[in-house]
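What follows is the residue order along each chain.
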Amino acid sequence: MEESATFTIAGLTFDWSVIISTTISVLVVFLLAFWMSRKLVIKPSGKSKQNMLEWVIDFTNNIVDGSLPNKTGNNLKFFAFSLFMFIFMSNQLGVAFSVSVGGDTFLNSPTANPLVTMTLALIAISIAHFLGVEKLGFKGYVKSVYFSPFSALLPINLIEQFTSFLTLGLRLFGNIFAGEMVLSLLWQLAQSAGVVSFVPAFLLTMLWQGFSLFIGAIQAFVFVTLTTVYVSEKTE
Amino acid sequence: MLNQIVLAGASEGLALGNMLFVLVAFLILMLLLKKYAWGPVVKMMEKRAEKVAHDLDTAEEARQQAEEMASKRSTQLQSARTEANGIVADAKEAAGKQRDQIVADAQADAQATKEQASAQIAQERSEAMAGVKGEVADLSVTIAQKIIQKELKLDDQKALIDAYIEGLGNK
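Each value, and the rule that gives it
Residues numbered from 1 in each chain as written. Chains lettered and ligands numbered in written order. Predicted model: local features only at pLDDT ≥ 70, side-chain atom pairs only at ≥ 80, totals over all residues. Heavy atoms only, no water. Helix = DSSP H or I, 4+ residues; strand = E, 2+ residues; numbered from the N terminus. Buried < 20%, exposed > 50% of the residue type's maximum accessible area, 1.4 Å probe, protein only. Salt bridge = Lys/Arg side-chain N within 4 Å of Asp/Glu carboxyl O. 1 Å grid on protein atoms, 1.4 Å probe; cavity = no way out; pocket = protein on both sides within 12 Å on 5 of 7 lines; lining within 4 Å. Points joined across faces, edges and corners; volume = space filled by probe spheres on them. Nonpolar A, V, L, I, M, F, W, Y, C, P; charged D, E, K, R; others polar. Polar contact = N/O pair within 3.5 Å; in protein donor to acceptor, adjacent residues only side chain to side chain. Pairing = 2+ DSSP bridges. Contact = heavy atoms within 4.5 Å. Buried area = accessible area lost by both parts, 1.4 Å probe. UniProt positions renumbered as here; feature names shortened; annotations may be inferred. Phe/Tyr/Trp six-rings, centres within 6.5 Å; stacked < 30°, edge-to-face > 60°.

*Asks:* Would you mind going over the overall build of chain B with me for this structure?
*Replies:* The helix and strand tally for chain B stands at three helices and zero strands. Buried positions account for 13% of the 171 residues belonging to chain B.

Here it is, written out as structure tokens:
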């Protein structure tokens, strides 16, 4: 794994790469959404930025409606939208930019860091469990999540809660981290033998970046979809 | 939720700072998005949905009204047409009567005029005849006078007699 410069405040360790990349990702998402939601009209013309934003909103709303076509789903739509935008932008950040100084990474995809993806997974799973308790009551939640379809499955259900949390975070991390790994390997290839290796590595990098854009979009979609699926599992 | 994360982080012995930072950053992002992007856009989308629904309702109402009006119009048109047909038929009848009347009047008129004219002609003819009779009588008298005057001359008498005789011979 790529090294990163760290600093410590009050016993908490921070990675510069995570801080910088997350901040940039958040800023880009916000500015993009802010820019696209200016001068709203009731009937936007063909290719306006408002239509683009509304398309994204419709897209994430449809993901939520796919597994949660009810009030819980309606309340979850904004979370799904924010999550999708943030993960999507985070995934694409490392495709275009990767800054490292003296072996320490300062800017890459925040989602190429397992802690970031596990944090997002933790948020998603926490919300799922919280909504489960809120909707079914604590007893109903315990019964439906840990003792269903019958009590003997308690151990398996317990394990499942952890595995779903782990796979949710690690799937995203694995995909994006692998993508960045390949990009850094291609960079090493480009440096290895001057122009002879630079040109093919350049072409391969372009190919891989295209593929990574695709992967990043798919993984953001998968993450949001699974989040809504987990919520629907806990609230039924 | 924060406690959960702290506990999870502590138990796993991970870099808690990163998780905290990502969590806070994401929460701030959500707040900002909700206030500046999601809120207005969703509001606008709802407004649009409302407007579309409202417009559809209005359109449906307008359509029904239009249909009602159209049926009313067609019945009105139908009645107007029958009325017009009646009026035309009446007018034709009246015109026919009037025509017959006019023709009969004209014929009577012409007959009267003709009779009057022929009577006048007959009268004028008899008057003319009476006039001509008088004139012929005068003329005969005048001719006779002239002939009598000519009797005074011998030669003329002779010639006259000769001519007369000649005329007899030719017969």
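Now that the structure has been shown, the text picks up again.
*Asks:* When you look at the pattern of salt bridges in this model, what are you seeing that I'm missing?
*Replies:* Close approach of charged atoms allows side chains with opposite charge to pair. For the coordinates displayed, the defined rule picks out seven salt bridges over all chains. For Arg48(B), the salt bridge is made with Glu54(A), and the minimal N-O distance between the two is 2.7 Å. Here Arg48(B), found in helix H2 (residues 16-150), pairs with Glu54(A), found in helix H2 (residues 49-67), and the two come from separate chains. Among the ionic pairs, Glu67(B) bridges to Arg63(B), the shortest N-O distance being 2.7 Å. Taken as a pair, Glu67(B) and Arg63(B) lie in helix H2 at a separation of four residues, close to a single helical turn. Overall, the relative accessible area of 48% leaves Glu67(B) in the partly exposed class. We classify Arg63(B) as partly exposed; its relative accessible area is 41%. Three or more residues are tied together by salt bridges with common partners; here these are Glu60(B), Arg63(B) and Glu67(B).

*Asks:* Would you mind showing me how to read the layout of surface pockets here?
*Replies:* A water-sized probe, rolled over the atoms, reveals where empty space remains. Residues and elements named next belong to chain A. As a volume, the largest pocket reaches approximately 630 Å³. Taken together, 24 residues make up the lining of the largest pocket; nearest its centre are Ser98, Leu183, Ser184, Trp187 and Gln188. Of all the secondary-structure elements, those providing two or more residues to the lining of the largest pocket are helix H3 (71-96), helix H5 (154-192) and helix H6 (194-234). Ranked by the residues each element gives to the lining of the largest pocket, the list is headed by H5, at nine residues. In the lining of the largest pocket, the residues fall into 13 nonpolar, nine polar and two charged.

*Asks:* When you look at the side chain of Thr111(A) in this model, what are you seeing that I'm missing?
*Replies:* Considering the arrangement of structural elements, one finds Thr111(A) in the loop between strand E5 (104-107) and helix H4 (114-146). Polar side-chain contacts of Thr111(A) include one of 2.7 Å to the side chain of Asn91(A).

*Asks:* Just checking my understanding: could you explain the pairing of strand E3 (residues 12-15) of chain A for this structure?
*Replies:* A regular strand places its side chains on the two faces of the sheet in alternate fashion. Here strand E2 (residues 6-9) of chain A pairs with E3(A) via four bridges, running antiparallel. By the bridge assignment, Ile9(A) is partnered in E3(A) with Leu12(A).

*Asks:* What is the right way to look at the side chain of Lys234(A) in this model?
*Replies:* Residues and elements named next belong to chain A. Looking at the element boundaries, Lys234 is found in helix H6. The buried category is assigned to Lys234, whose relative accessible area is 2%. Separated by 3.4 Å, the side chains of Lys234 and Gln161 make a polar contact. Leave out the neighbours within four places in its chain, and Lys234 touches Ala128, His129, Gly132, Leu136, Ser144, Val145 and Gln161.

*Asks:* Just checking my understanding: could you explain the interface of chain A and chain B for this structure?
*Replies:* Bring the parts together and some accessible area is lost; that lost area is often taken as the interface size. Taken residue by residue, the interface counts 41 residues in chain A and 30 residues in chain B. Counting the surface lost from both chain A and chain B, the interface buries some 3400 Å², and carbon and sulfur atoms represent 84% of this. Its largest share of buried area at the contact with chain B, chain A owes to Ile42(A), Phe78(A) and Leu115(A), together 21% of the area lost on that side. At the surface where chain A touches chain B, the tally comes to one salt bridge. Here the side of chain A that touches chain B gets nine residues from one element, more than from any other, and that element is helix H1 (residues 16-36) of chain A. In terms of residue class, the side of chain A that touches chain B is built from 26 nonpolar, ten polar and five charged.

*Asks:* Sorry, what's going on with the UniProt feature "transmembrane region" (unreviewed entry) in chain B here?
*Replies:* The UniProt record marks residues 20-38 of chain B with the feature "transmembrane region" (unreviewed entry), using the residue numbering of this structure. A distance of 24 Å separates the end C-alpha atoms of residues 20-38 of chain B, which is 100% helix and 0% strand.

*Asks:* For this particular structure, what's the right way to read the packing of aromatic side chains?
*Replies:* How two aromatic rings sit relative to each other is given by the distance of their centres and the angle of their planes. All names here are of chain A. Counted according to the given criterion, the structure contains 17 aromatic pairs over all chains. Centre to centre, the rings of Phe211 and Phe214 are 6.4 Å apart; their planes meet at 35 degrees, and the pair counts as tilted. Highlighted residues: Phe211 and Phe214, both in helix H6, separated by three residues, approximately one helical turn. Given the relative accessible area of 39%, Phe211 is considered partly exposed.

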